Amino acid sequence: MKTLLIPTDFSRHAYQACLYAAGMAARHGWKLHLLHVYQSFYAVSAYPGVTGAAWVEIKDATDQQMAELIEKLKKQFPAISISGENREGTMADTVANFAREKNVNLIVMGTQGATGLKYAVLGSNTFAVILKSPVPVVAIPARISTFRMDRVGFAVNYHATEVTALEDFTTLIDRPVVITLFHFYEKGKQEETKKMQKWAKRFEKIATGSDAELQFKLAISRNLPVSINRMVAREQLDALVMTPMDKPFFSRMFSKQLIKVIAHKPTVPVFFMKTDER
């Protein structure tokens, strides 16, 4: 049975991500584990008025919040196994270590979170978790809480790691899904068409035997965030899949502007797949 890990700061936005993850777990028969990361040393040192005793009270309150969150989700999703815990540390390192320790298959986290003394800021840590996680990470927009996986967009840049990522994604999801593999280019449509035709054969070979239906799209682009959002709207995509370890594409996709647009403020859930290449 696969395990989904959901980092949470108990905010409303994080709860939306919990609902999405629970819907995914219920659909696939997976189990759910919630993780709240806190930093007591930072809180006490940054806010001198907060004593050690006061922090103990805050920690007790987070334990209560975790118990209440688990109970709330169990009432909505009684068929799935749900557990949770609080751990001290930094968000990205703690989540990555926990994923290794517990053999987690997928991390689902919101892209906005609470701020202030009691919580680690979930949204600002999303990108760091994507980089450090040993398993795929799904970034969930604040307004999305219902799991849908009928039409998926897969951003490709003709890199070998993307073939592995596609295979991993179809294995992970393991259900009928239409996957649109799309590539944006700045010029040279004829050359790009030849590349796509060549790589389509490799992608189709991977999809053979799965329930995935592949489609291929080429589009000219001079503004990548805008082009991606237009592709999502035009193809009515339920989610995006990307491979940040593809270094040339990674450099283009994750400029400071694109981090905010894609990792922090996606228009649909984004699956950031992992590869063996570093």
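Heads up: the structure comes first, above all this text.
Residues numbered from 1 in each chain as written. Predicted model: local features only at pLDDT ≥ 70, side-chain atom pairs only at ≥ 80, totals over all residues. Heavy atoms only, no water.

### Description of the pattern of salt bridges
Okay, step 1: A complete count under the given rule lists 9 salt bridges for this structure.
Okay, step 2: One salt bridge in this structure joins aspartate 150 and arginine 148, with 3.2 Å as the shortest N-O distance.
Okay, step 3: Using a relative accessible area of 34% as the deciding quantity, one classes aspartate 150 as partly exposed.
Okay, step 4: Each member of the salt-bridge network shares a partner with another, and the members are Glu85, Arg87, Glu101 and Lys102. (Salt bridge = Lys/Arg side-chain N within 4 Å of Asp/Glu carboxyl O. Buried < 20%, exposed > 50% of the residue type's maximum accessible area, 1.4 Å probe, protein only.)

### With respect to the pairing of strand β7 (residues 177-185)
Okay, step 1: Among the 9 residues in β7, 9 count as buried, and that is most of the element.
Okay, step 2: Residues Val177, Ile179, Leu181, His183 and Tyr185 point to one face of β7 and Val178, Thr180, Phe182 and Phe184 to the other, with burial holding for every one of them.
Okay, step 3: Two elements, strand β6 (residues 151-155) and β7, share 5 bridges in a ladder whose sense is parallel. Of the residues in β7, the one forming a bridge with arginine 151 is valine 178.
Okay, step 4: Once you follow β6 into helix α6 (residues 160-173) and on to β7, the crossover reads as right-handed.
Okay, step 5: Bridge count for β7 against strand β8 (residues 212-220) is 9 bridges, and the pairing is parallel. Bridge assignment links threonine 180 to a residue of β8, and that residue is glutamine 215.
Okay, step 6: Handedness of the β-α-β unit built from β7, helix α7 (residues 189-207) and β8 comes out right-handed. (Helix = DSSP H or I, 4+ residues; strand = E, 2+ residues; numbered from the N terminus. Pairing = 2+ DSSP bridges. Right-handed = clockwise from strand over helix to strand, strands pointing away.)

### Looking at the nonpolar core
Okay, step 1: Counting 52 residues, the largest nonpolar core has Met149 and Phe271 as the members making the most contacts within it.
Okay, step 2: In terms of residue count, helix α1 (residues 12-28) provides more of this core than any other element does, 9 residues in total.
Okay, step 3: Phenylalanine 271 has contacts with Tyr20, Met24, Leu106, Val137, Val138, Met149, Phe169, Ile173, Ala239, Leu240, Val241 and Met242, leaving out every residue within four places of it along the chain.
Okay, step 4: Ranked by size, the runner-up nonpolar core spans 30 residues in total, among them Met91, Ile107, Phe182 and Met242. (Core = buried A, V, L, I, M, F, W, Y, C linked by side-chain atoms within 4.5 Å. Contact = heavy atoms within 4.5 Å.)

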